[in-house]
Amino acid sequence: MSDRSGIFAGEDPFAIARAWLAEAEKAEPNDPNAIALATVDETGLPNSRMVLLKEIEHSAFVFYTNYESAKAQELDQAGKAAFVMHWKSLRRQIRVRGSITREDGPQADEYYRSRSLKSRLGAWASKQSQPLESRGALMAEVAKVTAAKGPNPPRPPFWGGYRLTPVEIEFWADGAFRLHDRFRWRRKEGTAEWEILRLNP
(Lines give C-alpha, C1' and ligand atoms only; values in the text may rest on other atoms or scores of the structure.)
Protein backbone atom coordinates (compact mmCIF):
# COMPACT_ATOMS: atom_id res chain seq x y z
CA MET A 1 0.00 0.00 0.00
CA SER A 2 1.59 3.19 -1.23
CA ASP A 3 0.96 5.39 1.80
CA ARG A 4 1.91 2.78 4.42
CA SER A 5 5.34 4.16 5.28
CA GLY A 6 7.35 5.38 8.25
CA ILE A 7 6.31 3.68 11.48
CA PHE A 8 3.75 1.57 9.56
CA ALA A 9 6.23 0.25 6.95
CA GLY A 10 7.02 -3.44 6.59
CA GLU A 11 5.45 -6.73 5.55
CA ASP A 12 5.55 -8.45 8.98
CA PRO A 13 3.09 -7.09 11.56
CA PHE A 14 4.91 -8.86 14.39
CA ALA A 15 8.15 -7.07 13.46
CA ILE A 16 6.25 -3.77 13.47
CA ALA A 17 4.79 -4.60 16.89
CA ARG A 18 8.26 -5.46 18.26
CA ALA A 19 9.66 -2.19 16.88
CA TRP A 20 6.88 -0.15 18.49
CA LEU A 21 7.37 -1.94 21.81
CA ALA A 22 11.12 -1.29 21.65
CA GLU A 23 10.39 2.43 21.19
CA ALA A 24 7.94 2.37 24.10
CA GLU A 25 10.54 0.73 26.36
CA LYS A 26 12.62 3.89 25.98
CA ALA A 27 9.72 6.29 26.62
CA GLU A 28 7.16 4.71 28.97
CA PRO A 29 7.91 5.18 32.69
CA ASN A 30 6.27 1.91 33.77
CA ASP A 31 5.36 -1.43 32.17
CA PRO A 32 5.59 -0.62 28.45
CA ASN A 33 4.53 -4.23 27.80
CA ALA A 34 1.21 -3.85 29.65
CA ILE A 35 -1.86 -4.96 27.69
CA ALA A 36 -5.57 -4.63 28.45
CA LEU A 37 -6.74 -8.20 27.93
CA ALA A 38 -10.42 -8.72 27.10
CA THR A 39 -12.31 -11.99 27.52
CA VAL A 40 -15.94 -13.09 27.89
CA ASP A 41 -17.49 -15.32 30.54
CA GLU A 42 -19.87 -18.24 29.93
CA THR A 43 -22.80 -15.82 29.57
CA GLY A 44 -20.99 -13.64 27.03
CA LEU A 45 -20.42 -10.81 29.53
CA PRO A 46 -17.11 -9.06 28.72
CA ASN A 47 -14.26 -8.79 31.19
CA SER A 48 -10.96 -6.92 30.97
CA ARG A 49 -7.79 -6.49 33.03
CA MET A 50 -4.17 -5.42 32.64
CA VAL A 51 -1.56 -8.13 32.18
CA LEU A 52 2.06 -8.08 31.01
CA LEU A 53 2.88 -9.30 27.52
CA LYS A 54 6.04 -11.37 27.75
CA GLU A 55 6.88 -12.24 24.15
CA ILE A 56 6.05 -11.26 20.60
CA GLU A 57 6.83 -14.38 18.59
CA HIS A 58 7.00 -14.71 14.80
CA SER A 59 3.24 -15.38 14.64
CA ALA A 60 1.74 -14.91 18.11
CA PHE A 61 1.73 -13.00 21.43
CA VAL A 62 2.47 -14.76 24.75
CA PHE A 63 1.53 -13.91 28.36
CA TYR A 64 1.37 -15.86 31.64
CA THR A 65 -1.14 -16.33 34.44
CA ASN A 66 -2.68 -18.68 36.99
CA TYR A 67 -4.74 -21.34 35.18
CA GLU A 68 -7.31 -21.30 37.99
CA SER A 69 -7.95 -17.54 37.68
CA ALA A 70 -11.12 -16.05 36.24
CA LYS A 71 -9.24 -14.90 33.15
CA ALA A 72 -7.85 -18.38 32.49
CA GLN A 73 -11.27 -19.98 32.85
CA GLU A 74 -12.68 -17.48 30.37
CA LEU A 75 -9.78 -17.97 27.96
CA ASP A 76 -10.14 -21.76 28.07
CA GLN A 77 -13.92 -21.63 27.68
CA ALA A 78 -14.02 -19.21 24.74
CA GLY A 79 -10.74 -20.06 23.04
CA LYS A 80 -10.61 -16.46 21.83
CA ALA A 81 -9.50 -13.10 23.24
CA ALA A 82 -8.50 -9.56 22.39
CA PHE A 83 -6.10 -7.01 23.79
CA VAL A 84 -4.93 -3.46 23.30
CA MET A 85 -1.48 -2.00 24.02
CA HIS A 86 -1.60 1.76 24.51
CA TRP A 87 1.41 4.03 24.90
CA LYS A 88 0.59 7.57 25.99
CA SER A 89 4.20 8.64 25.48
CA LEU A 90 4.16 7.56 21.81
CA ARG A 91 0.47 8.35 21.24
CA ARG A 92 0.06 4.93 19.62
CA GLN A 93 -1.83 1.73 20.20
CA ILE A 94 -2.01 -1.81 18.85
CA ARG A 95 -5.27 -3.76 18.90
CA VAL A 96 -5.22 -7.56 18.53
CA ARG A 97 -7.92 -10.25 18.23
CA GLY A 98 -7.50 -13.98 17.76
CA SER A 99 -7.49 -17.54 19.05
CA ILE A 100 -6.02 -18.74 22.33
CA THR A 101 -3.97 -21.83 23.20
CA ARG A 102 -2.02 -22.73 26.33
CA GLU A 103 1.78 -22.54 26.53
CA ASP A 104 2.34 -25.19 29.19
CA GLY A 105 5.70 -26.70 28.26
CA PRO A 106 9.43 -25.93 28.40
CA GLN A 107 8.90 -22.31 27.32
CA ALA A 108 6.65 -21.73 30.35
CA ASP A 109 9.20 -23.47 32.60
CA GLU A 110 11.97 -21.21 31.28
CA TYR A 111 9.98 -18.03 31.81
CA TYR A 112 8.97 -19.12 35.33
CA ARG A 113 12.64 -19.72 36.22
CA SER A 114 13.52 -16.22 34.95
CA ARG A 115 11.23 -14.54 37.50
CA SER A 116 12.42 -13.36 40.90
CA LEU A 117 12.24 -15.91 43.72
CA LYS A 118 9.54 -13.88 45.49
CA SER A 119 7.42 -13.84 42.33
CA ARG A 120 7.87 -17.59 41.88
CA LEU A 121 6.80 -18.23 45.47
CA GLY A 122 3.93 -15.78 45.09
CA ALA A 123 2.61 -17.80 42.15
CA TRP A 124 2.40 -20.82 44.46
CA ALA A 125 0.81 -18.88 47.32
CA SER A 126 -1.91 -16.94 45.50
CA LYS A 127 -5.23 -18.58 44.72
CA GLN A 128 -5.80 -15.97 42.05
CA SER A 129 -9.31 -14.49 41.77
CA GLN A 130 -10.54 -16.41 44.84
CA PRO A 131 -11.79 -14.63 48.00
CA LEU A 132 -9.03 -13.68 50.46
CA GLU A 133 -9.58 -13.24 54.19
CA SER A 134 -6.82 -10.66 54.66
CA ARG A 135 -3.41 -9.50 53.48
CA GLY A 136 -1.98 -11.23 56.54
CA ALA A 137 -3.46 -14.54 55.43
CA LEU A 138 -1.78 -14.18 52.05
CA MET A 139 1.60 -13.39 53.62
CA ALA A 140 1.23 -16.38 55.94
CA GLU A 141 0.66 -18.57 52.88
CA VAL A 142 3.79 -17.10 51.24
CA ALA A 143 5.81 -17.99 54.36
CA LYS A 144 4.36 -21.51 54.34
CA VAL A 145 5.19 -21.99 50.67
CA THR A 146 8.71 -20.58 51.16
CA ALA A 147 9.41 -23.17 53.86
CA ALA A 148 7.95 -26.00 51.79
CA LYS A 149 9.34 -25.19 48.32
CA GLY A 150 12.77 -23.80 49.19
CA PRO A 151 14.97 -21.52 47.07
CA ASN A 152 14.26 -23.17 43.69
CA PRO A 153 10.52 -23.90 43.46
CA PRO A 154 9.26 -25.70 40.34
CA ARG A 155 6.60 -24.10 38.16
CA PRO A 156 3.19 -24.75 39.72
CA PRO A 157 1.00 -27.11 37.68
CA PHE A 158 -1.74 -24.45 37.81
CA TRP A 159 0.43 -21.65 36.38
CA GLY A 160 1.62 -21.12 32.81
CA GLY A 161 1.23 -19.28 29.57
CA TYR A 162 -1.25 -18.46 26.86
CA ARG A 163 -0.50 -17.81 23.22
CA LEU A 164 -2.79 -15.49 21.24
CA THR A 165 -2.56 -16.17 17.50
CA PRO A 166 -4.15 -13.17 15.82
CA VAL A 167 -6.56 -12.99 12.92
CA GLU A 168 -6.64 -9.20 13.22
CA ILE A 169 -4.04 -6.59 14.24
CA GLU A 170 -4.61 -2.86 14.06
CA PHE A 171 -1.85 -0.28 14.31
CA TRP A 172 -3.08 3.16 15.38
CA ALA A 173 -1.14 6.44 15.66
CA ASP A 174 -2.40 9.82 16.79
CA GLY A 175 -2.97 12.39 14.09
CA ALA A 176 -3.58 16.14 14.07
CA PHE A 177 -7.20 17.24 14.54
CA ARG A 178 -8.19 13.68 15.51
CA LEU A 179 -7.37 12.51 11.98
CA HIS A 180 -5.54 9.42 13.22
CA ASP A 181 -3.67 6.89 11.08
CA ARG A 182 -5.03 3.34 11.28
CA PHE A 183 -3.95 0.23 9.41
CA ARG A 184 -5.75 -3.08 9.92
CA TRP A 185 -4.10 -6.40 9.14
CA ARG A 186 -6.72 -9.17 8.82
CA ARG A 187 -6.62 -12.85 7.85
CA LYS A 188 -9.16 -15.68 7.92
CA GLU A 189 -6.99 -17.94 10.11
CA GLY A 190 -3.63 -17.97 11.83
CA THR A 191 -1.65 -19.15 8.79
CA ALA A 192 -3.45 -17.27 5.98
CA GLU A 193 -2.16 -14.28 4.05
CA TRP A 194 -2.79 -10.85 5.55
CA GLU A 195 -5.13 -8.33 3.98
CA ILE A 196 -4.01 -4.78 4.88
CA LEU A 197 -6.41 -1.85 4.82
CA ARG A 198 -6.13 1.78 5.85
CA LEU A 199 -9.14 2.70 8.01
CA ASN A 200 -10.85 6.01 8.60
CA PRO A 201 -9.99 7.52 11.99
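Structure report, in brief. Along each chain, numbering runs from 1 in the same order as the chain's sequence is written. This being a predicted model, a pLDDT of at least 70 is required before a residue's local features are given, and a value of 80 or more before pairs of side-chain atoms are given or counted; all residues contribute to the totals for chains, interfaces and linings. Just so you know, side-chain values use all the structure's heavy atoms and leave hydrogens and water out.

1. As for the overall build of the protein
The helix count covers DSSP runs of H or I at least four residues long, the strand count covers runs of E at least two residues long, and both are numbered beginning at the N terminus. Scanning the protein from terminus to terminus reveals five helices and eight strands. Each helix and strand of the protein, placed in order from N terminus to C terminus, yields the pattern α-β-β-β-α-β-β-α-α-α-β-β-β. Counting only C-alpha atoms and orienting by the principal axes, one finds that the protein spans roughly 60 × 35 × 30 Å. Exposure is judged per residue with a 1.4 Å probe applied to protein chains only, and the accessible area is read against the type maximum: over 50% gives exposed, under 20% gives buried, and values in between give partly exposed. Going through the 201 residues of the protein one by one, you find that 43% of them count as buried. By definition in these notes, contact holds between two residues if any of their heavy atoms fall within 4.5 Å. Taking the contacts inside the protein whose residues are at least 6 apart along the sequence as the reference set, 63% of them involve residues at least 24 apart. Surface accessibility in these figures is a Shrake-Rupley result with a 1.4 Å probe; residues are shielded only by whichever protein chains are displayed. Accessible area of the protein: about 11400 Å², with a carbon and sulfur share of 51%. All tallies of charge rest on Lys and Arg as positive and Asp and Glu as negative; His and the ends of each chain are not included. One atom stands in for each charge, and that atom is NZ of Lys, CZ of Arg, CG of Asp or CD of Glu. Of the side-chain charges in the protein, 30 are positive and 27 negative, and the distance between the mean point of each set is 3 Å.

2. Side note on the packing of helix α4 (residues 117-125) against helix α5 (residues 135-149)
Between two packed helices, both the angle of their axes relative to each other and the distance between the axes serve to describe the pair. The axes used here are C-alpha line fits, helices contributing only the stretch in contact, and every angle between their N-to-C directions lies in the interval 0 to 180 degrees. Packing of α4 against α5 leaves a shortest axis separation of 9 Å and a crossing angle of 110°. With respect to α5, the axis of α4 lies roughly perpendicular. For the pair α4 and α5, the sense of crossing is right-handed. In this structure, α4 uses L121, W124 and A125 to contact α5, whose residues at the interface are L138, E141, V142, V145, T146 and K149. Residue polarity follows a fixed list, in which Ala, Val, Leu, Ile, Met, Phe, Trp, Tyr, Cys and Pro are nonpolar, Asp, Glu, Lys and Arg are charged, and the others, Gly among them, are polar. A breakdown of the residues in the contact of α4 with α5 according to their chemical character gives six nonpolar, one polar and two charged. Between 65 and 115 degrees an angle is taken as roughly perpendicular, under 35 as roughly parallel, over 145 as roughly antiparallel, and anywhere else as oblique. Note: crossing handedness is left-handed where the near helix turns anticlockwise from the far helix by less than a right angle, and right-handed where it turns clockwise.

3. Some words on the pairing of strand β1 (residues 34-40)
Bridge count between β1 and strand β2 (residues 46-56): seven bridges; the pairing is antiparallel. Across the sheet, residue A36 finds its bridge partner in β2, namely M50. DSSP bridges decide pairing: two strands pair if at least two such bridges lie between them. Linking β1 back to β2 in an antiparallel pair, the connection comprises five residues, with G44 at a positive phi of about 90°. Where β1 lies against strand β4 (residues 80-87), three bridges are found, and the strand directions are antiparallel. Directly across from A36, in β4, lies its bridge partner V84.

4. Quick notes on the nonpolar core
Take the buried residues of types Ala, Val, Leu, Ile, Met, Phe, Trp, Tyr and Cys, join any two whose side-chain atoms come within 4.5 Å, and each joined set is a nonpolar core. Formed by 34 residues in total, the largest nonpolar core has its most connected members in F61, F83, W87, I94, I169 and F171. One finds Y111, L121, W124 and V145 within the second-largest nonpolar core, a separate group that totals 12 residues.

5. Topic: the pairing of strand β6 (residues 159-173)
With 14 of 15 residues buried, β6 lies mostly within the body of the structure. Here six bridges tie strand β3 (residues 61-66) to β6, and the two strands are oriented antiparallel to one another. Residue pairing for β6: Y64 is matched across the bridge by G161. As paired strands, strand β5 (residues 92-103) and β6 are joined by 12 bridges and run antiparallel to one another.

6. Describing unusual backbone geometry
Even without being a glycine, D31 presents a positive backbone phi close to 45°. With respect to the element layout, D31 can be found in the loop between α1 (13-27) and β1. A positive phi angle, near 55°, is found at R91, a position not held by glycine. Relative to the helices and strands, R91 resides in the loop between β4 and β5.

7. Structural notes on α4
Taken together, the buried positions of α4 are occupied by R120, L121, A123, W124 and A125. For α4, the elements touching its buried residues are β3, α3 (106-114), α5 and β6.

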